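# Summary of the model geometry
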Amino acid sequence: LGIMRARILGPLLRHAHLIKETPRYRNEPDWFATPVARTKPTLLVCATFDALHRADLWVAPRVHDPSFRVVRLPVTHEALCMGLSYLRLWEDAVAWHDP
């Protein structure tokens, strides 16, 4: 069974392109730690099982910042993006204004 699995998965994995870093979309790699970002209250909603983004890297510089909140949901990147409207973030006043 192991040899058969290796024969099937081996060629597939050689063609796989694994994500090595978070896409930045022309932002600084540590944008959440920049002086500009520190002036803005931030609510970061992230998926625990996200294969695309590394939210832990974004959270680290502001972990003790009271204006920075994190909501981790036990879903994948795709599930979070597709179900974003179900979070009803517009009802969270603190997400949009200073507390």
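Structure: above.
### Here's the deal with the environment of aspartate 92
- Relative to the helices and strands, aspartate 92 resides in the loop between helix 4 (77-82) and helix 5 (93-96).
- Discounting residues that sit within four places of it in the chain, aspartate 92 has contacts with Leu43 and Arg69.

### Considering the nonpolar core
- One finds Phe32, Leu44, Cys46, Ala55, Trp58, Val59 and Phe68 forming the largest nonpolar core, which totals seven residues.
- Contributions of two or more residues to this core are made by strand 1 (42-49) and helix 3 (55-59).
- Tallying contributions element by element places helix 3 first for this core, with three residues.
- What alanine 55 contacts, discounting residues up to four positions off in sequence, is Leu44 and Cys46.
- Within the second largest apolar cluster, five residues are counted, among which are Leu43, Ala47, Leu73 and Leu80.

### A short note on the pairing of strand 1
- Burial analysis of strand 1 places six of its eight residues in the buried class, the great majority of the element.
- Here seven bridges tie strand 1 to strand 2 (residues 68-76), and the two strands are oriented parallel to one another. By the bridge assignment for strand 2, cysteine 46 is matched with arginine 72.

Cut-offs and rules
- Residues numbered from 1 in each chain as written.
- Predicted model: local features only at pLDDT ≥ 70, side-chain atom pairs only at ≥ 80, totals over all residues.
- Heavy atoms only, no water.
- Helix = DSSP H or I, 4+ residues; strand = E, 2+ residues; numbered from the N terminus.
- Contact = heavy atoms within 4.5 Å.
- Core = buried A, V, L, I, M, F, W, Y, C linked by side-chain atoms within 4.5 Å.
- Buried < 20%, exposed > 50% of the residue type's maximum accessible area, 1.4 Å probe, protein only.
- Pairing = 2+ DSSP bridges.

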